[in-house]
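Chain by chain, the residues run as shown.
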Amino acid sequence: MKTRSLFVRTLIVLTLAIGVLFLASPFLFHLYFSWHWESEATRKAIYAASQTLMAQAPLEGPDDHMILPQNRWPKTIASLKPFYVAVDSQGVNILLKVYFDDESGYFIPRRGTHFAPRRDVADFYTPLNDGVWWYYYR
């Protein structure tokens, strides 16, 4: 009888734990995509490497963009293990996290801190100083 009671208690505790995790999953999901871990020194190095990439990327028009192969990524950016690195007329996009349609990473604008994100889309940009922005696309 005691083993049955212990089994029932364990089952109840596990069910409650799973329920709490299920209810907290939207918060945990948001936290995962909105958090960035790099130090100030690393962000400065990312900014400097991005400036080099922008200077080397030949773009022909305002809507032109270029996804760079891994062998062209500077060591600082490669150490982040991004999904891809792209250069366009706006700046450098370093995609770090992907989950279905959601993605997040670093954005370094061509015009430094003069970048003004559009407010009519479901994109969230957070300035991190040093000319680097964290973005989250939904």
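How each quantity is defined
Residues numbered from 1 in each chain as written. Predicted model: local features only at pLDDT ≥ 70, side-chain atom pairs only at ≥ 80, totals over all residues. Heavy atoms only, no water. Salt bridge = Lys/Arg side-chain N within 4 Å of Asp/Glu carboxyl O. Helix = DSSP H or I, 4+ residues; strand = E, 2+ residues; numbered from the N terminus. Buried < 20%, exposed > 50% of the residue type's maximum accessible area, 1.4 Å probe, protein only. Pairing = 2+ DSSP bridges. Patch = residues over 30% accessible without salt bridge, like charges linked within 9 Å, V, L, I, M, F, W, Y side chains within 5 Å. Areas by Shrake-Rupley, 256 points an atom, 1.4 Å probe, with all protein chains shown as cover. Phe/Tyr/Trp six-rings, centres within 6.5 Å; stacked < 30°, edge-to-face > 60°. Core = buried A, V, L, I, M, F, W, Y, C linked by side-chain atoms within 4.5 Å. Contact = heavy atoms within 4.5 Å. pLDDT = per-residue confidence, 0-100. Expected span 1.5 Å × (residues − 1). Arc of directions from axis to C-beta.

The subject of this paragraph is the pattern of salt bridges. Overall, the coordinates contain one salt bridge when judged by the stated rule. Taking the shortest distance from any N to any O, the salt bridge between Glu40 and Lys44 comes out at 3.4 Å. Of this pair, Glu40 and Lys44 both sit in helix H2 (residues 40-56), four residues apart, which is roughly one turn of the helix. Accessibility expressed as a relative area gives 44% for Lys44, which makes it partly exposed.

A word on the pairing of strand E6 (residues 133-137). Across the five residues of E6, four count as buried, placing the element largely inside the fold. Where strand E4 (residues 102-109) meets E6, five bridges bridge the pair, whose relative direction is antiparallel. Looking at E6, one finds that Ser104 is bridged to Tyr136.

Here we come to a nonpolar patch on the surface. A surface patch of nonpolar side chains, about 500 Å² in accessible area, is lined by Phe7, Val8, Leu11, Ile12 and Leu16. Along the chain, Leu16 turns up in helix H1 (residues 2-34).

On to the packing of aromatic side chains. In this structure the tally under the stated criterion is five aromatic pairs. Geometrically, the ring pair formed by Phe124 and Tyr136 is stacked, given 6.0 Å between the ring centres and 20 degrees between the ring planes. In this pair, Phe124 sits in strand E5 (residues 123-127) while Tyr136 sits in strand E6, placing the two residues twelve residues apart along the sequence. Arranged with centres 6.4 Å apart and planes meeting at 80 degrees, the rings of Tyr125 and Trp133 form a pair that is edge-to-face. Here the aromatic residues Phe107, Tyr125, Trp133 and Tyr135 are joined through ring pairs into a cluster of three or more.

In this structure, Leu53, Val85, Val87, Val92, Ile94, Tyr106 and Ile108 are the most contacted members of the largest nonpolar core, which totals 19 residues. Looking at this core, the elements with two or more residues in it are H2, strand E2 (84-88), strand E3 (91-99) and E4. When residues of this core are assigned to their parent elements, the largest contribution, four residues, is made by H2. Ignoring any residue separated from it by four or fewer positions in sequence, one finds Ile94 in contact with Ile46, Ser50, Ile77, Leu80, Pro82, Tyr84, Val85, Ser104, Gly105, Tyr106, Ile108 and Tyr135. Judged by nonpolar contacts, the second largest core, of six residues, contains Leu95, Phe107, Phe115 and Tyr125.

Here the focus is the confidence of the model for the protein. For the protein, the mean per-residue pLDDT works out to 78, and 75% of the residues sit at or above 70. Ranking the helices and strands of the protein by mean pLDDT puts helix H3 (residues 75-78) first, with 93, and H1 last, with 66.

Now for H2. With 17 residues, H2 extends 25 Å from end C-alpha to end C-alpha; this agrees with the ideal 24 Å at 1.5 Å per step. Taken residue by residue, H2 has Arg43, Ile46, Ala49, Ser50, Leu53 and Met54 as its buried positions. Axial view of H2: buried residues confined to an arc of 145 degrees, hence all on one face. Structural note: H2 exposes Ala41 and Ala55 on the side pointing more than 90 degrees away from its buried face.

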